[in-house]
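Results of the structural survey
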Amino acid sequence: MSAQEVTMVRVYLHEAKGQLKSLMEYLHDQSRVRGVTVFRGICGFGQSGQIHSSSLLDMSLDLPLVIEFFDSPDKAKTAIEYIDSELGTGHVVFWNAFLTN
């Protein structure tokens, strides 16, 4: 079994700020990372401590979002630097991983 070193990246947002579209455009069109998955949470809170949630009675448009992608360490580092410059620090978590070939 052979493996390639990659960097896994997670970006934490919430819908109300409208940052998803521009970030996806960057990751797809400019950075051209290998692939992106976006997860929509049902409940969560961040540094502010404000809880963002939804129930069956309301359709909240301010739910937590997690954007996850991986690529080579160099390409991921460039993407992380861009994301930090656009969103500010504290939104990105990353770690080294291995992709089997």
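Predicted model, so just to flag it, every value in this text is computed and none were measured. (Residues numbered from 1 in each chain as written. Predicted model: local features only at pLDDT ≥ 70, side-chain atom pairs only at ≥ 80, totals over all residues. Heavy atoms only, no water.)

Points about helix α1 (residues 20-31)
Along α1, the residues that are buried comprise Leu-23, Tyr-26, Leu-27 and Ser-31. Viewed end-on, α1 has its buried residues packed into an arc of 90 degrees, placing them on one side of the element. The outward face of α1, more than 90 degrees from its buried face, is lined by the exposed residues Lys-21 and His-28. Against the buried residues of α1 lie β1 (3-14), β2 (36-40), β5 (64-71) and α2 (73-87). Following α1 by one or two positions, Arg-32 adopts a phi angle in the positive range, close to 55 degrees. (Buried < 20%, exposed > 50% of the residue type's maximum accessible area, 1.4 Å probe, protein only. Helix = DSSP H or I, 4+ residues; strand = E, 2+ residues; numbered from the N terminus. Arc of directions from axis to C-beta. Contact = heavy atoms within 4.5 Å.)

Some words on the packing of aromatic side chains
Ring pairs (aromatic) are described by centroid distance and by the angle formed between their planes. Scanning the entire structure with this criterion turns up one aromatic pair. Geometrically, the ring pair formed by Tyr-26 and Tyr-82 is stacked, given 3.7 Å between the ring centres and 15 degrees between the ring planes. Separated by 56 residues along the polypeptide, Tyr-26 in helix α1 and Tyr-82 in helix α2 bring together distant segments of the chain. On the basis of relative accessible area, Tyr-26 is assigned to the buried category, the value being 8%. (Phe/Tyr/Trp six-rings, centres within 6.5 Å; stacked < 30°, edge-to-face > 60°.)

Looking at α2
Relative to the 21 Å expected for 15 residues at 1.5 Å per residue, α2 spans 21 Å between its end C-alpha atoms, a close match to the ideal helical length. Where α2 is buried, its residues touch β1, α1, β5 and β6 (92-100). One or two steps after α2, the chain reaches Gly-88, where phi turns positive at roughly 90 degrees. (Expected span 1.5 Å × (residues − 1).)

Some remarks on the pattern of salt bridges
Under the counting rule described, the total for this entry stands at two salt bridges. We note a salt bridge from Arg-10 to Glu-68, for which the minimum N-O separation is 2.5 Å. One end of the pair, Arg-10, is in strand β1; the other, Glu-68, is in strand β5, with 58 residues separating them in the sequence. The partly exposed category is assigned to Arg-10, whose relative accessible area is 31%. (Salt bridge = Lys/Arg side-chain N within 4 Å of Asp/Glu carboxyl O.)

Remarks on the pairing of β1
Where β1 and β6 come together, nine bridges link them in antiparallel fashion. Among the inter-strand pairings, Val-11 is bridged to a residue of β6, identified as Val-92. Summarising the sheet, β1 and β5 pair through eight bridges and their orientation is antiparallel. Counted as the bridge partner of Arg-10 is Glu-68 from β5. (Pairing = 2+ DSSP bridges.)

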